[in-house]
Amino acid sequence: ATRTVAVLVGSLRKDSYNRKLGQALARLAAPSLEFRFVEIGDLPLYNQDLDAAYPPAATRLKEQVRAADAVLFLTPEYNRAIPGVLKNAIDWGSRPYGQSAWAGKPAAIAGASVGAVGTAAAQQQLRAILGYLDMPTLGQPEVFLHFKDGLIDDQGTITNEGTQKFLQGFVTKFTAWIEQISPAKG
Ligand code: FNR
C-alpha cells in the first residue's frame, strides 16, 4: 500500500534547493510513498492569542499533517539554525496545548545547503524539537546535502550517481521506518 508523507520545506524561495531535494526524493520514493507538499508560506506569525480562534491556514496545516502517515522535514540552515518560517509552522502544528498534530508521527529530516557542513547544525536543533514533540525520527542516514548548481534539475532528476544512490538508500530506510513505527492497516 502507498503511504503518504506530509513534506515541509523550510524555504519559501522559488528556486529552493531544499524543494528540489524534495522533488528528487519524491521521485525516488514513488510508488511506496506519496509526497504531499504542505504550504507554510501563508501562515501568519504564531501568536498564542489566536489559539482560541485558529487561523484557517494553520488549521489546514494540522489537517494535512494528521492525514499523512509520516512527515518529512527539508530544512535549510539560516545562521546555524532552522529558518523562522519552519519553526513557525512547527509551532502552529503543536497548538493549542494538548492538540498537537505532530505527536507520534514517524518523521525524517534532510537538508541542502551551499555550505560545506550543509545544514548539520540546523538539523541537530530540529532533532531536539522533534524529540520534544514526541515524533519518532529516523536517525540514519543523515542527509547533509552540499548543493552545487545542476545537482538536481528542474524535473527532480539527480545528475550525480553517488548522490542518487545515497538518497535512494535514505528513502528505503524512511519507508521501512514508517512501516515499523506505524504499520499499514488492512
Ligand atoms: C544562509 N545560508 C547558510 N548556509 C549554511 O550552510 N549555514 C548557515 O548558517 C547559513 N546561513 C544563512 C542565513 C540566511 C539568512 C540565508 C538567506 C542563507 C545559505 C543557504 O545555505 C542558502 O541560501 C541555501 O540556498 C538555502 O536553502 P534553499 O533556499 O535553497 O532551500
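Scroll up for the structure.
The following paragraphs examine the structure supplied in this document.

Reading the values: rules and limits
- Residues numbered from 1 in each chain as written.
- Predicted model: local features only at pLDDT ≥ 70, side-chain atom pairs only at ≥ 80, totals over all residues.
- Heavy atoms only, no water.
- Helix = DSSP H or I, 4+ residues; strand = E, 2+ residues; numbered from the N terminus.
- Buried < 20%, exposed > 50% of the residue type's maximum accessible area, 1.4 Å probe, protein only.
- Lys, Arg positive; Asp, Glu negative; His and termini not counted.
- Salt bridge = Lys/Arg side-chain N within 4 Å of Asp/Glu carboxyl O.
- Polar contact = N/O pair within 3.5 Å; in protein donor to acceptor, adjacent residues only side chain to side chain.
- Contact = heavy atoms within 4.5 Å.
- Core = buried A, V, L, I, M, F, W, Y, C linked by side-chain atoms within 4.5 Å.
- Axes fitted to C-alpha atoms, helices over the stretch in contact; angles between N-to-C directions.
- Parallel < 35°, antiparallel > 145°, perpendicular 65-115°, else oblique.
- Near = heavy atom within 4 Å.
- Areas by Shrake-Rupley, 256 points an atom, 1.4 Å probe, with all protein chains shown as cover.
- Nonpolar A, V, L, I, M, F, W, Y, C, P; charged D, E, K, R; others polar.

Turning to the side chain of Lys 105, a few remarks are in order. Within the secondary structure, Lys 105 sits in the loop between α3 (84–93) and β4 (107–113). Here Lys 105 is buried and forms no salt bridge, its nearest opposite-charge partner Asp 69 lying at an N-O distance of 6.1 Å. Here the side chain of Lys 105 touches Val 65 through a polar contact of 3.5 Å, landing on its backbone oxygen. From its side chain, Lys 105 meets the backbone oxygen of Arg 66 in a polar contact 3.0 Å long. The contact partners of Lys 105, leaving out residues within four places of it in the chain, are Val 65, Arg 66, Ala 68, Asp 69, Val 71, Met 135 and Pro 136.

In terms of nonpolar packing, the biggest core is built from 29 residues, with Val 5, Leu 21, Leu 25, Leu 72, Phe 170 and Phe 174 touching the most fellow members. For this core, the secondary structure elements donating two or more residues are β1 (3–9), α1 (17–29), β2 (33–37), β3 (70–74), β4 and α5 (161–181). Per-element tally for this core: the top contributor is α5, with six residues. Setting aside residues no more than four positions away along its own chain, Leu 21 makes contact with Leu 74, Ala 110, Gly 111, Ala 112, Leu 145, Ile 152 and Leu 167. In terms of nonpolar packing, the next biggest core, distinct from the first, is built from 28 residues, Ile 40, Val 71, Trp 92 and Ala 107 among them.

This next bit is on the packing of helix α2 (residues 56–67) against α3. At a minimum axis distance of 9 Å, the contact between α2 and α3 shows a crossing angle of 80°. The angle between α2 and α3 places the two elements in the roughly perpendicular class. For the pair α2 and α3, the contacting residues are Ala 58, Leu 61 and Lys 62 in the first and Ala 89, Trp 92 and Gly 93 in the second.

Below, the discussion takes up the site of the ligand. Near the ligand there are 13 residues, and of these Ser 11, Arg 13, Ser 16, Asn 18 and Ser 113 occur at the shortest range. Ser 16 is positioned with one of its side-chain polar atoms (N or O) 2.6 Å from an oxygen atom of the ligand. Take Glu 77: an N or O atom from its side chain is 2.9 Å from a nitrogen atom of the ligand. Burial of the ligand by the protein chains amounts to 73% of its free accessible area of 620 Å². Of the residues contributing to the shell around the ligand, the split by class is four nonpolar, six polar and three charged.

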